[in-house]
Amino acid sequence: MLKKEWTVQGFIDEPANMDELLKHGIRRLCEEKNAVLLAHYYTTGDIQEVADFIGDSLALARKAAQTDAKIIVMAGVHFMAETCKLLSPEKLVLCPDLNAGCSLADSCKAEDLKKYKEEHPGYKVVSYVNTTAAVKALTDVVVTSGNAKQIVDTFPQDEKLIFGPDYNLGSYINAITGREMLLWQGGCHVHERFSVEAIVKLKQEHPQALVLAHPECKGPVLRVADVVGSTAVLLKYVVEHPEGEYIVATEAGILHEMERQCPQAQLYPVPPEVSEGAIGCHCNECQYMKMNTLLKIYNCLKYEWPSVEVDPAIARDAVKPIKRMLELS
């Protein structure tokens, strides 16, 4: 007699792959509940494979807002689910794990930004999309890593600007625009772990490879890069040049989509910087993104929990700089 095996739909008599069962269960629940599953490029490959849409945070939130789905599941981090709620206030927004935070968003608290604005009267605030709704509510215009230069260029050259919270992205925009924006001292713990030394070592092993780097990386890393751009921009470059070799300095989750679209490309992830004598992993990963799992996604769909809400007063102000960005870009 065969041993009974549990599945997402009950019991069966044949052994089965739990990941595949969860994927089928997720798709079934999405259909039954009119739900849309969004997956950021930095989530694991199995989640990207089962998602309705994969991409960067704001693009995903905008895509979900254009659908007739009643439920949005944001497989990413908490601020991304907040952004979904800002753009789709009438929809139920679910976050598979509320503990999936963001070191960059956490580096800028709303109360601290409010105080900083008071200390610098006459300045306008340009905030990276990787921020909480409360910080967006204190912002004049939001930017993404892909359109930051374009949006900043819309301001007069002598405009007093505060850029936050990513210091590295702000430094990069200052450098390519000739501006002197005041920069918030925040950063992404993943992108700050990349080092020039690790890239040089990979370049010695693969001299024909181009270096692709996200602008959240430190200045020295960006200066040795051949292509600097958002995750979507880096992916687009590989897709347009599928026969190339690439040293990739951004969170390793993007490799899944690069490999899927360009199986012939040679991809070399830059490992994180580690102290001497330490054993480092081959890839630089965000532990918050990896808190998303198929089981958590299945359960949040099944029980429609945990949901993400934004205080209406904050939401009213937070959506304004996003709309302003969309008008300018």
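Every value quoted in this text rests on a predicted model; they were computed, and no experiment measured them.

This part takes up the overall build of the protein chain. Across its full length, the protein chain carries 15 helices and 14 strands. Computed over C-alpha atoms, the radius of gyration of the protein chain comes to 21 Å, within 12% of the 20 Å expected from 2.2 N^0.38 for 329 residues, which places it in the range of a compact globule. Overall size of the protein chain, expressed as C-alpha extent along the three principal axes, is 75 × 55 × 40 Å. Taken over 329 residues, the protein chain has a buried fraction of 51%. When contacts within the protein chain are restricted to residue pairs at least 6 apart in sequence, those whose partners lie at least 24 apart make up 60%. Each charge class in the protein chain can be summarised by its mean position, and for the 34 positive and 45 negative side chains these summaries are 5 Å apart.

Cis rather than trans, the peptide bond between G164 and P165 has omega equal to -5°. Tracing the backbone shows P165 in the loop between β9 (161-164) and α9 (167-177). Put simply, W305 and P306 share a cis peptide bond, and its omega is 5°. Tracing the backbone shows P306 in the loop between α14 (294-303) and α15 (312-328). The phi torsion at N34 lies on the positive side, around 55°, for a residue other than glycine.

Looking now at helix α12 (residues 231-240). If you check which residues of α12 are buried, you get T231, L234, L235 and V238. An end-on view of α12 places all buried positions within 100° of arc, on one side of the element. Looking at the buried residues of α12, the elements they touch are β11 (210-213), β12 (227-228), β13 (245-249) and α13 (254-261).

We now examine the sheet that holds strand β8 (residues 141-143). Taken together, four strands build an open sheet; the order of strands is β8-β7-β9-β10 and the sheet is parallel. The sheet is open, and its two borders are formed by β8 and β10 (182-183), each paired with just one other strand. Bridge analysis of strand β7 (residues 124-128) against β9 gives four bridges, and the strand direction is parallel. Of the residues in β9, the one forming a bridge with V125 is I162.

Okay, the sheet that holds strand β14 (residues 266-269) next. Judged by pairing direction, the sheet is parallel, and its four strands sit side by side in the order β12-β11-β13-β14 without closing on themselves. Unpaired on one side and paired on the other, β12 and β14 mark the two borders of the sheet. Sheet analysis places β13 next to β14, joined by four bridges and oriented parallel. Residue pairing across strands places E245 opposite Q266, the latter belonging to β14.

Consecutive residues of a regular strand have side chains that alternate between opposite faces of the sheet. As paired elements, β11 and β13 share four bridges and run parallel to each other. Along β13, the bridge assignment pairs A213 with A249. Direction of pairing for β11 relative to β12: parallel, over a ladder of two bridges. Counterpart to L212 in the pairing with β12 is V227.

All right, on to the state of the cysteines then. Applying the stated rule across the entire model yields zero disulfides. Here C84 is not disulfide-linked; the sulfur of C95 is the nearest cysteine sulfur, at 9.5 Å. For C95, which is in no disulfide, the shortest distance to another cysteine sulfur is to C300 and amounts to 8.1 Å. You can call C95 buried: its relative accessible area is 0%.

Counting across every chain of the model gives two aromatic pairs. With centroids separated by 5.4 Å and ring planes inclined at 85°, the aromatic side chains of Y116 and W184 adopt a geometry described as edge-to-face. Of the two residues, Y116 is situated in helix α6 (residues 110-119) and W184 in the loop between β10 and α10 (196-205); the sequence distance between them amounts to 68 residues. The buried category is assigned to W184, whose relative accessible area is 12%. Taking the centre distance of 6.2 Å and the plane angle of 90° together, the rings of Y237 and Y246 count as edge-to-face. Since its relative accessible area comes to 23%, Y237 is described here as partly exposed. The exposure class assigned to Y246 is buried, which follows from its relative accessible area of 1%.

Let us now look at the side chain of S57. Within the fold, S57 resides in helix α3 (residues 57-65). Residue contacts for S57: discarding those within four places in its chain leaves H40, F79, M80, V129 and N130.

Thresholds, definitions, all that
Residues numbered from 1 in each chain as written. Predicted model: local features only at pLDDT ≥ 70, side-chain atom pairs only at ≥ 80, totals over all residues. Heavy atoms only, no water. Helix = DSSP H or I, 4+ residues; strand = E, 2+ residues; numbered from the N terminus. Rg over C-alpha atoms; globule rule 2.2 N^0.38 Å. Buried < 20%, exposed > 50% of the residue type's maximum accessible area, 1.4 Å probe, protein only. Contact = heavy atoms within 4.5 Å. Lys, Arg positive; Asp, Glu negative; His and termini not counted. Charge placed at Lys NZ, Arg CZ, Asp CG, Glu CD. Arc of directions from axis to C-beta. Pairing = 2+ DSSP bridges. Disulfide = S-S within 2.5 Å. Phe/Tyr/Trp six-rings, centres within 6.5 Å; stacked < 30°, edge-to-face > 60°.

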